[in-house]
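Fold and geometry: a report
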Amino acid sequence: MGKIDKIFLNSKIMSLDLFLEKTLYDKKFGYYQKKNPFGKTGDFVTAPNISNIFCEMITVWVVSFWENLKKPKRLNFVELGPGNGDFCEILIKTLKNFPEVYDSINIILYEKSYILKKIQKKRLVSEKVSWVDNLKNIKSGPIIFFGNEFLDALPIKQFKKINNNIFEKYANFKNGKVEFVYKKAVKKQIAKLRSYGLLKNEGVIEYPEYGFKELNIICKKINKLNGGALFIDYGYELKKNIDTLQSVIKHNYNKIDQNIGNADITSLINFPLYKQYFNVNNLNVENIITQSQFLQKMGIIERANILRKKMNLSEKTNLNQRIKRLIHPKMMGENFKVIFAKNKKCDFSLAFK
Ligand SMILES: C[S@@+](CC[C@H](N)C(=O)[O-])C[C@H]1O[C@@H](n2cnc3c(N)ncnc32)[C@H](O)[C@@H]1O
């Protein structure tokens, strides 16, 4: 009997988001608990893995936010889902060029995967860095939250509208295999979908209940302690309902019901829906912009020009390829978007105007 069966042994039927939660984060057999999925030898690559320059641009944005917050003596910076620690390592290194910010910053990492936390602890040995299991335990502000490809890794629910009836997707287990079935959705759930205008269109309706639970704490902290949250992720801005669940293994697409526990499963971010959620929770949201716009406004081209001066030809070619990957519209430049939600009294909007 394979490990998939062990995760779901004795399981009968469960909602799609619970199925995804177990598949990805089950303490023993979940995908993120077993391996380091990043890089060429893993299953996928993220922007911090592609180039330090991406991490530098975010760091400069944080430095400016700190200034806008009137240079607080203590700033909590929370990285949500820090992965293999690539971003945080460059954050610390780059901040050393800004000694006042470096002194004031307190870096808090929020990570659910035991193996990734282990990797982070080995790599990020600094009195500046600590880990938190529950965001509620952060009591002081101001706070800046940052998540790169954090939201897409959170389980979602899916629904279908058939003749004005709403059905929720469930995972059912038979003979060691999973099959997806639809059951009538409960009233409470339908009311949530309606409140966000998700029932207006046909198609597969996606609702990030887990994501909203995480964001609920984040919004409360920002409201109470001041600051904001910056998220970068792949997603869309259509008002349509679409099925965006996707799975990858070793840099190739995989069927959702195959290689369970050994393949990553993510969904695209419905950015307008997240914007609504932030607004409902009393935060202001800047325009949603593309990763390309964000990085270019933060000066990625100018930074690359400086770096190139000290590089030989092959290093230059390598840098050019990496930057292209980050900002080209047909690569990550446009599929990846950036959303910034902030306390209502905060007027920081660098890169978004
Ligand atoms: C796709 S990876 C992105 C990693 C990193 N930010 C990057 O860009 O390379 C998603 C990360 O979020 C973490 N994660 C997912 N759900 C989480 C949760 N509910 N709480 C904390 N971390 C979570 C995963 O373990 C992983 O580190």
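See the structure printed just above.
Structural notes, computed from the coordinates.

The rules behind the values
Residues numbered from 1 in each chain as written. Predicted model: local features only at pLDDT ≥ 70, side-chain atom pairs only at ≥ 80, totals over all residues. Heavy atoms only, no water. 1 Å grid on protein atoms, 1.4 Å probe; cavity = no way out; pocket = protein on both sides within 12 Å on 5 of 7 lines; lining within 4 Å. Points joined across faces, edges and corners; volume = space filled by probe spheres on them. Helix = DSSP H or I, 4+ residues; strand = E, 2+ residues; numbered from the N terminus. Nonpolar A, V, L, I, M, F, W, Y, C, P; charged D, E, K, R; others polar. Buried < 20%, exposed > 50% of the residue type's maximum accessible area, 1.4 Å probe, protein only. Pairing = 2+ DSSP bridges. Right-handed = clockwise from strand over helix to strand, strands pointing away. Salt bridge = Lys/Arg side-chain N within 4 Å of Asp/Glu carboxyl O.

Inspection of the entire model under this criterion finds two cavities of 30 Å³ or more. Elements represented by at least two residues in the lining of the largest cavity include exactly β9 (204-207), β14 (269-270) and α11 (271-280). Roughly 40 Å³ of volume is contained in the second largest cavity. Looking at the second largest cavity, the residues that line it are Leu-20, Leu-24, Asp-152, Ala-153, Leu-154, Pro-155, Ile-156, Leu-245, Ile-265, Thr-266 and Ser-267. Among the elements of the structure, α2 (16-25) and β13 (264-266) are those that each provide at least two residues to the lining of the second largest cavity. Residues belonging to the lining of the second largest cavity are distributed by class as follows: eight nonpolar, two polar and one charged.

As a further point, take the pairing of strand β3 (residues 105-110). Among the six residues that make up β3, six are buried, leaving the element largely enclosed by the rest of the structure. The pairing of β3 with strand β4 (residues 129-131) spans three bridges and is classified as parallel. Looking at β4, one finds that Ile-108 is bridged to Ser-130. At this point the chain moves from β3, through helix α8 (residues 114-123), to the parallel β4, and the crossover so formed is right-handed.

With that out of the way, let us pick up the pattern of salt bridges. A complete count under the given rule lists twelve salt bridges for this structure. With a shortest N-O distance of 2.8 Å, Lys-117 and Asp-133 are connected by a salt bridge. Of this pair, Lys-117 sits in helix α8 while Asp-133 sits in the loop between β4 and β5 (143-148), and the two are 16 residues apart along the sequence. Residue Lys-117 is classed as buried on the basis of its relative accessible area of 16%.

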